[in-house]
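# Observations on the model geometry
The residues making up each chain are set out below.
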Amino acid sequence: MKYITKEVRIGIAGIAALCILVYGINYLKGINMFKPSNYFYVKFQNINGLTKSSPVFADGYRVGIVRDLYYDYTEPGNVFAEIDVNPELRIPKGSSAELVTDMLGGIKMTLLLANNPRERCEVGDTIMGNVNNGMMEKVATMVPQIEKMLSKLDSILGSLNTVLADPALPATLHNVQELTANMAATSRHLQTLMAQDIPQLTGKLNTISDNFAQISGNLKEIDYAAAMQKVDSTLANVKMITDKLGQKNNTIGLLLNDPELYNNLNATTANAASLLEDLKAHPKRYVHFSLFGKKEK
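Described below are features of the structure shown in this document. Just so it is clear, the model here is predicted, and its values are computed rather than measured.

## Here's the deal with the overall build of the protein
A tally of regular secondary structure across the protein gives 6 helices and 7 strands. Walking the protein from its N terminus toward its C terminus, one meets helices and strands in the order α-β-β-β-β-β-β-β-α-α-α-α-α.

## Here's the deal with the environment of Gln45
Residue position: Gln45 is located in the loop between β1 (38-44) and β2 (55-58). Sequence spacing of Gln45 and Val131 is 86 residues, and the spatial spacing of their C-alpha atoms is 8.6 Å. Not counting chain neighbours up to four residues away, the residues in contact with Gln45 comprise Gly77 and Asn78.

## Notes on the packing of aromatic side chains
Per the stated rule, a full pass over the model turns up 3 aromatic pairs. Arranged with centres 5.9 Å apart and planes meeting at 80°, the rings of Tyr39 and Tyr41 form a pair that is edge-to-face. Residue Tyr39 is classed as partly exposed on the basis of its relative accessible area of 29%. Between Tyr71 and Tyr73, the ring centres sit 5.0 Å apart and the planes meet at 70°, which makes this aromatic pair edge-to-face. If you follow Lys108 out to its NZ or CZ, it ends over the ring of Phe57, 5.1 Å from the centre.

## Focus: the pairing of strand β7 (residues 126-132)
Here β1 pairs with β7 via 3 bridges, running parallel. Bridging across to β7, Lys43 finds its partner in Met128.

## Side note on the pairing of strand β3 (residues 61-71)
Note that β2 and β3 share 4 bridges and pair antiparallel. When the sheet's bridge partners are listed, Ala58 is paired in β3 with Tyr61. Between β2 and β3, which pair antiparallel and follow one another directly, the connecting turn spans 2 residues, one of which, Asp59, has a positive phi of 55°. Taken together, the 7 bridges between β3 and strand β4 (residues 79-85) define a ladder with antiparallel strand orientation. Looking across to β4, one finds that Val66 is bridged to Ile83.

## Here we look at the nonpolar core
Of all hydrophobic cores here, the largest spans 22 residues; its most connected members are Leu50, Ile83, Met109 and Leu111. Going through the elements one at a time, β1, β2, β3, β4, β5 (96-101) and β6 (107-112) are the ones with two or more residues in this core. The element that contributes the greatest number of residues to this core is β4, accounting for 4 residues.

Basis of the calculations
- Residues numbered from 1 in each chain as written.
- Predicted model: local features only at pLDDT ≥ 70, side-chain atom pairs only at ≥ 80, totals over all residues.
- Heavy atoms only, no water.
- Helix = DSSP H or I, 4+ residues; strand = E, 2+ residues; numbered from the N terminus.
- Contact = heavy atoms within 4.5 Å.
- Phe/Tyr/Trp six-rings, centres within 6.5 Å; stacked < 30°, edge-to-face > 60°.
- Buried < 20%, exposed > 50% of the residue type's maximum accessible area, 1.4 Å probe, protein only.
- Lys NZ or Arg CZ within 6 Å of the ring centre and 35° of its normal.
- Pairing = 2+ DSSP bridges.
- Core = buried A, V, L, I, M, F, W, Y, C linked by side-chain atoms within 4.5 Å.

In structure tokens form, the structure reads like this:
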């Protein structure tokens, strides 16, 4: 023990501290140096910014980390990621991996496990990988369309500024305000009218409806059959009178149908008119009163 000097002790303490530091750094990265590694290689054409110690997920659960990244200089365009996963994880053959970019720009690797319970990948096998940009890829596809819309948006804003700078706009807004006030006043008048006059009108309509109902009831009480019989009887009487007027076996019929009687009446009327004229001209021929004289002939 006398050979362990102060300098040796300091050296041993420094080595121990360095080991603890290395272990702590790897532990913080998720690398357990004292557990057996279960590593695989994932082949990508573009790692899209993937870094060492990035998490590896399977079905949303963290199952390992990315230990290292290698660029294939013999076949440019290929990048290999060495992943260390939990030894209990069995990766079926046919599985793949994809890189997913979240909204904050972080990259994570997700294992897409195949449904193959009979065969599994052995430690050190290579798994094919691809890149899934998720929402960022959709946003990237929308950027050209947004750029096209910006020019139209500038034009629309320019037109809007021109309209807002028009001095007639305040007057138009004032007119619109007055129109709105007039419409509100009209609405209040209409409400008042409906509150006062509509009940009266409704009452009158109800009265008219009652009168119509009463008239309808009275019409229902009329004996239409008896009335029609009376009308038929009256028409029959009129027809009978008309038939008799056309016959010569009655006085009225003779007057209407006998031309000789008509001619005699005309002659009698003419004679009576002549007699009256002669009477007016020579009244003494027909009427003479004298106590002593003789009737003039």
